Protein chains: 2
Amino acid sequence: MPRIIIDMDEVLADTYVKFIDLHEQRFGRRPSAEELHGIKVYDLPEAAELRKAMYDPGFFRDVALFPDAAEVVRELYDAHEVFIVTTATEFRYSFIDKYNWLEEHLPFIHHTRIVFCGDKRIVHGDYMIDDKVSNLAGFNGTGLLFTSFHNVHATGYRRVNNWLEVRDYFRALANGAETA
Amino acid sequence: MPRIIIDMDEVLADTYVKFIDLHEQRFGRRPSAEELHGIKVYDLPEAAELRKAMYDPGFFRDVALFPDAAEVVRELYDAHEVFIVTTATEFRYSFIDKYNWLEEHLPFIHHTRIVFCGDKRIVHGDYMIDDKVSNLAGFNGTGLLFTSFHNVHATGYRRVNNWLEVRDYFRALANGAETA
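Residues numbered from 1 in each chain as written. Chains lettered and ligands numbered in written order. Predicted model: local features only at pLDDT ≥ 70, side-chain atom pairs only at ≥ 80, totals over all residues. Heavy atoms only, no water.

- As annotated in an unreviewed UniProt entry, chain A is 5'(3')-deoxyribonucleotidase from Neolewinella lacunae.
- Its UniProt record gives chain A the following Sequence similarities (unreviewed entry) comment, quoted word for word: "Belongs to the 5'(3')-deoxyribonucleotidase family." (UniProt positions renumbered as here; feature names shortened; annotations may be inferred.)

**Concerning the interface of chain A and chain B**
Next up, step 1: Listed by partner, the interface residues are 26 residues for chain A and 26 residues for chain B.
Next up, step 2: Summed over both partners, the interface of chain A with chain B comes to about 2400 Å²; 57% of that surface belongs to carbon and sulfur atoms.
Next up, step 3: Counting across the interface, chain A meets chain B through four salt bridges.
Next up, step 4: Note that Glu81 of chain B is salt-bridged to Arg121 of chain A, the shortest N-O span being 2.8 Å.
Next up, step 5: Top element by residues in the side of chain A that touches chain B is helix 3 (residues 94–105) of chain A. It accounts for five residues. (Contact = heavy atoms within 4.5 Å. Buried area = accessible area lost by both parts, 1.4 Å probe. Salt bridge = Lys/Arg side-chain N within 4 Å of Asp/Glu carboxyl O. Helix = DSSP H or I, 4+ residues; strand = E, 2+ residues; numbered from the N terminus.)

**Brief notes about the nonpolar core**
If you look at soluble globular proteins, the nonpolar side chains tend to sit buried side by side.
Next up, step 1: Core analysis: the largest hydrophobic core is formed by 70 residues, its most contacted members being Ile6 and Trp163 of chain A together with Ile6 and Trp163 of chain B.
Next up, step 2: With residues up to four places along the chain from it excluded, the contact list for Trp163 of chain A reads Ile6, Val11, Leu12, Phe66, Pro67, Asp68, Ala69, Val72, Val73, Leu76, Ile129 and Phe146 of chain A.
Next up, step 3: Listed in part, the 22 residues of the second largest apolar core include Ile122 of chain A together with Ile5, Leu136 and Phe139 of chain B. (Core = buried A, V, L, I, M, F, W, Y, C linked by side-chain atoms within 4.5 Å. Buried < 20%, exposed > 50% of the residue type's maximum accessible area, 1.4 Å probe, protein only.)

**Thoughts on the relation of the copies chain A and chain B**
Next up, step 1: For the pair chain A and chain B, the best superposition has an RMSD of 0.0 Å and corresponds to a rotation of 180° with a translation of 0.0 Å parallel to the axis. With respect to symmetry, the two chain copies, as superposed, fit the operation of a two-fold axis.
Next up, step 2: Of the interface residues in chain A, 100% have counterparts in chain B that sit at the interface too, so the contact is made through matching surfaces. (Least-squares fit on C-alpha atoms with pLDDT ≥ 70 in both.)

**Looking at the environment of Thr86 of chain A**
Residue and element names in this part refer to chain A.
Next up, step 1: Structurally, the position occupied by Thr86 is in strand 2 (residues 81–87).
Next up, step 2: Overall, Thr86 belongs to the buried group, its relative accessible area being 0%.
Next up, step 3: Among residues more than four places away in sequence, those in contact with Thr86 are Asp7, Met8, Asp9, Lys98, Val115, Phe116, Cys117 and Lys120.

**Re the packing of helix 2 (residues 69–79) of chain A against helix 5 (residues 163–174) of chain A**
Residues and elements named next belong to chain A.
Next up, step 1: One can describe the packing of helix 2 onto helix 5 by two numbers: an axis separation of 9 Å at closest approach and a directional angle of 20°. As the angle between them shows, helix 2 and helix 5 are arranged roughly parallel. Helix-helix and strand crossings are classified by hand; for helix 2 and helix 5 the assignment is left-handed. In this structure, helix 2 uses Ala69, Val72, Val73, Glu75 and Leu76 to contact helix 5, whose residues at the interface are Trp163, Val166, Arg167, Phe170 and Arg171.
Next up, step 2: Of the residues belonging to the contact of helix 2 with helix 5, the class tally is seven nonpolar, no polar and three charged. (Axes fitted to C-alpha atoms, helices over the stretch in contact; angles between N-to-C directions. Parallel < 35°, antiparallel > 145°, perpendicular 65-115°, else oblique. Left-handed = near helix turned anticlockwise from the far one by under 90°. Nonpolar A, V, L, I, M, F, W, Y, C, P; charged D, E, K, R; others polar.)

**Some points on helix 3 of chain A**
Next up, step 1: A rise of 1.5 Å per residue sets the reference length of helix 3 of chain A, with its 12 residues, at 16 Å; its end C-alpha atoms lie 16 Å apart and thus fit the reference within 8%.
Next up, step 2: Burial in helix 3 of chain A covers these residues: Ser94, Phe95, Asp97, Lys98, Tyr99, Asn100, Trp101 and Leu102 of chain A.
Next up, step 3: Where helix 3 of chain A is buried, its residues touch strand 2 and strand 3 (114–117) of chain A together with helix 3 (94–105) and strand 3 (114–117) of chain B. (Expected span 1.5 Å × (residues − 1).)

**Concerning unusual backbone geometry**
Residue and element names in this part refer to chain B.
Next up, step 1: The phi dihedral of Glu10 is positive, around 75°, even though this residue is not glycine.
Next up, step 2: As for its position among the elements, Glu10 is in the loop between strand 1 (3–6) and helix 1 (15–27).
Next up, step 3: Here Glu10 falls in the buried class, since its relative accessible area comes to 5%.
Next up, step 4: Even without being a glycine, Asp68 presents a positive backbone phi close to 70°.
Next up, step 5: Residue placement: Asp68 occurs in the loop between helix 1 and helix 2 (69–79).

In structure tokens form, the structure reads like this:
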């Protein structure tokens with residue numbers, strides 16, 4: 001059974017919107033899509049300190065789930081060995097928040113299919129869905145780049161723009177279609 | 001640089017003694033080495049409920065570090081890509097306890113070298129030091145079986161009985177000696 005490794009932040013969880021909300025709370029305005037083209041919110045000159053919010057208890061608990069993610073991950077879970085693999089070890093309070101978040105939004109994920117790590121080179125599988133080119137670059141299998149503001153300029157990987165495109169990719173694979 | 005994957009419970013952390021202490025607190029006596037030969041403490045007929053203690057906040061925080069572990073892991077860390085990989089995802093409060101435990105006892109371990117998972121088949125490396133045959137059996141590299149009461153009957157893996165034996169194994173490898 002093929003193994004699919006799925007990231008959390010910017011793939012399942014809309015951490016960007018959380019940061020945009022934080023930016024508005026802190027600086028009184030919401031950065032535009034144009035400003036965020038190719039960067040993280042905390043890469044904006046005035047917003048570097050926002051990154052520190054990830055160290056706070058609760059930061060990762062109330063992030064929004066991306067549209068269609070629950071339904072599509074459920075479909076993948078039934079026909080593949082799905083693992084949720086998220087970089088978390090920089091932030092000591094993120095573990096319990098991410099764990100409770102998964103339990104709320106994707107309750108069918110068994111605890112043996114969750115991995116909290118800091119360097120994804122250590123995990124192996126057949127497919128990896130991730131928004132970071134650096135994670136895909138170190139992966140032994142096929143990488144799918146989940147579109148996020150910060151990676152719009154990246155090339156070299158099959159891009160998926162939303163969860164319906166992820167669904168279609170794996171449905172096409174199952175039907176033996178070309179997916180290059 | 002060879003990658004060494006090191007388990008926590010029964011390898012770095014003496015979880016057995018923690019369970020023996022719990023058994024004494026609960027049942028007023030310490031199980032003998034003979035009773036524990038080949039089993040876990042909570043496999044004793046009267047002690048099945050003790051396993052539930054792992055769900056409690058704090059359980060994994062005050063476990064004792066095995067003798068010589070800090071010095072030997074430090075030596076390995078300097079010449080290998082050492083990762084600490086521990087099954088933790090069954091127990092939601094174990095993450096922060098294990099994280100703080102590592103920070104206290106092995107403060108030189110960078111956060112990118114920590115993995116909390118539930119199924120070690122997903123991690124790859126060159127060497128795995130673990131007390132569970134099931135973990136070694138699913139590993140792509142060379143498994144070293146760290147002796148614990150419960151695994152004394154296990155065969156099929158190079159056995160290491162303590163951290164000085166781990167040190168000697170890798171020193172011999174570095175010197176090009178046979179280690180079969």
